[in-house]
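Take a look at the letters that make up each chain.
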Amino acid sequence: MSNMAVCVAVIAKENYPLFIKTTPTDNELQFYYTVHTSLDVVEEKISSVGKNANDLRELYLGLLYPTEDYKVYGYVTNTKVKFVVVVESSNTSLRDNEIRTMFKRLHGAYVDMLSNPFYNPGENIVSRKFENVVMGMMKQD
Amino acid sequence: MASIGKQKASNLDKSLSKGKPEVNVATFALLFSEIVQYCQNRVYTVPELQSKLAEMGQHVGTHLLDVLFVREKGFKREIKLLSMLIFIKSNFWKTVYGREAEKLEQANDDERTYYIIEKEPLVNRFISVPKDKGSLNCAAFTAGMLEAVLNGANFPAKVTVHWHKGTCFMIKFDESVIARDKMIDSR
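Note that the structure is predicted; figures quoted are calculated from it, not measured. (Residues numbered from 1 in each chain as written. Chains lettered and ligands numbered in written order. Predicted model: local features only at pLDDT ≥ 70, side-chain atom pairs only at ≥ 80, totals over all residues. Heavy atoms only, no water.)

1. Overview of the packing of helix H3 (residues 46–73) of chain B against helix H4 (residues 81–97) of chain B
All names here are of chain B. Direction vectors running N to C along H3 and H4 enclose 100 degrees, while the axes themselves pass 11 Å from each other. One finds that H3 runs roughly perpendicular with respect to H4. Judged by residue contacts, Leu64, Leu68, Phe69, Glu72 and Lys73 of H3 engage Met84, Phe87, Asn91, Phe92, Thr95 and Val96 from H4. Classifying every residue of the contact of H3 with H4 by side-chain character gives seven nonpolar, two polar and two charged. (Axes fitted to C-alpha atoms, helices over the stretch in contact; angles between N-to-C directions. Helix = DSSP H or I, 4+ residues; strand = E, 2+ residues; numbered from the N terminus. Parallel < 35°, antiparallel > 145°, perpendicular 65-115°, else oblique. Contact = heavy atoms within 4.5 Å. Nonpolar A, V, L, I, M, F, W, Y, C, P; charged D, E, K, R; others polar.)

2. Examining the nonpolar core
As a rule of thumb, soluble globular proteins bury nonpolar side chains together. Within the largest apolar cluster, 43 residues are counted, with the highest numbers of intra-cluster contacts made by Ile88 and Phe173 of chain B. When residues of this core are traced back to their parent elements, those giving at least two are helix H2 (25–40), H3, H4, strand E2 (113–118), helix H5 (140–152), strand E3 (157–163), strand E4 (167–173) and helix H6 (175–186) of chain B. For this core, the element with the highest residue contribution is H4 of chain B, accounting for eight residues. The contacts of Ile88 of chain B, once residues within four sequence positions are left out, are Trp93, Ile116, Leu146, Val149 and Leu150 of chain B. Formed by 31 residues, the second largest nonpolar core is a distinct cluster that contains Met4, Val8, Phe19 and Met113 of chain A. (Core = buried A, V, L, I, M, F, W, Y, C linked by side-chain atoms within 4.5 Å. Buried < 20%, exposed > 50% of the residue type's maximum accessible area, 1.4 Å probe, protein only.)

3. Structural notes on the side chain of Asn137 of chain B
Residues and elements named next belong to chain B. Within the secondary structure, Asn137 sits in the loop between E2 and H5. When its relative accessible area of 0% is taken as the criterion, Asn137 is described as buried. Reaching out from Asn137, the side chain makes a polar contact with the side chain of Asn124 at a distance of 2.7 Å. (Polar contact = N/O pair within 3.5 Å; in protein donor to acceptor, adjacent residues only side chain to side chain.)

4. Some details on the interface of chain A and chain B
Reports often express the size of an interface as the amount of accessible area lost when the parts come together. Contact residues are listed per partner, giving 26 residues for chain A and 20 residues for chain B. The contact between chain A and chain B buries some 2100 Å² in all, and 55% of this surface belongs to carbon and sulfur atoms. Looking at the side of chain A facing chain B, the largest losses of area belong to Arg57, Asn78 and Leu114 of chain A, adding up to 31% of the total buried there. Our enumeration of links across chain A and chain B arrives at one salt bridge. Its salt-bridge partner being Lys76 of chain B, residue Glu58 of chain A comes within 3.6 Å of it at the nearest N-O pair. Where chain A meets chain B, there are seven residue pairs in polar contact (both at pLDDT 80 or more). Residue assignment for the side of chain A that touches chain B shows that the elements contributing at least two residues are helix H2 (53–57), strand E4 (70–76) and helix H3 (96–114) of chain A. By residue number, the principal contributor to the side of chain A that touches chain B is H3 of chain A, which donates five residues. Looking at the side of chain A that touches chain B residue by residue, the class counts come to twelve nonpolar, eight polar and six charged. (Buried area = accessible area lost by both parts, 1.4 Å probe. Salt bridge = Lys/Arg side-chain N within 4 Å of Asp/Glu carboxyl O.)

5. Here's the deal with the sheet that holds E3 of chain B
Residue and element names in this part refer to chain B. Taken in spatial order, the four strands make up an open sheet running E1-E2-E4-E3, and their pairing is antiparallel. In this open sheet, the two strands that pair with only one neighbour each are strand E1 (103–106) and E3. With direction set aside, neighbouring strand axes in the sheet form an average angle of 20 degrees. With seven bridges joining them, E3 and E4 adopt antiparallel strand pairing. The residue of E4 that forms the bridge with His162 is Cys168. (Pairing = 2+ DSSP bridges.)

6. Observations regarding the sheet that holds strand E1 (residues 7–11) of chain A
All names here are of chain A. Taken together, five strands build an open sheet; the order of strands is E2-E1-E5-E4-E3 and the sheet is antiparallel. Each having just a single partner strand, strand E2 (17–22) and strand E3 (60–66) make up the two edges of the open sheet. Strand-to-strand twist of the sheet, defined as the mean angle between neighbouring strand axes without regard to direction, takes the value 15 degrees. Note: E1 against strand E5 (residues 82–88), five bridges, orientation antiparallel. By the bridge assignment, Ile11 is partnered in E5 with Lys82. Relative to E3, helix H1 (residues 28–46) is tilted by about 125 degrees, and along the sheet it contacts E1, E2, E3, E4 and E5.

Structure below.
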């Protein structure tokens, strides 16, 4: 069984990274580029051109773009904090529904983390609990 | 195995009730009084005190916004101005003060301005303003919360507090919010 997710990133409203975790590989930097590139697609998806109001209310953005080896999915919270998850293209067990559930779990963990009065929105995320949830999403089944 | 399924649902099968997350009003009043005193000791003028209170309210607002949306909105964002205001009037107010806000009005002469009017807000219940601080309204704390919630949800606005039919929160939205709302409505 392959990995669940190979990279999970949380990006602030102003598009700087709050948290990024990748599976240990030689080319971790590549994931940073992939996530960075995906932000343009996120921006495009949440801009209100040519969609009806109901689509705009959805937090889950779906597949942002596929590359040869990876698929990149996006999610934007109501405060414009972005979650980006990268999975391997070869992983066929992850369908849209599983990804959606994954994002909901991530959102839940983010909100729990945000409820900590010592965390100021916009700071880097250092919460152990949040990290554990992310690790759970990335570990081998 | 089949017989187990037919049995009457026991308490263990029922989902947990949400309960009432209420706090003693005395506890709240004590805490809020301490907040006001804390701010009072660090400022010189009434406007300064109000902005200090608003600043503290903003902290509460930013932390509350995401939690509220996840709990009440079922993984949807709010994009319409009016639905957002109604969300504040009902859901937000209920969570924070245990009941809905009394009145939500739009200004007659300005589409950017809305009012939320409360005859006696909870934060002001035990506060009698001294004579030398005539215009002070400690509900500035709530105004700060509102401002943080609106700004966080991408409805940039300024919220100020006034004495008018009780306490009146004046919400003045940014021009861009009105423009965007018209664009969404036209579709």
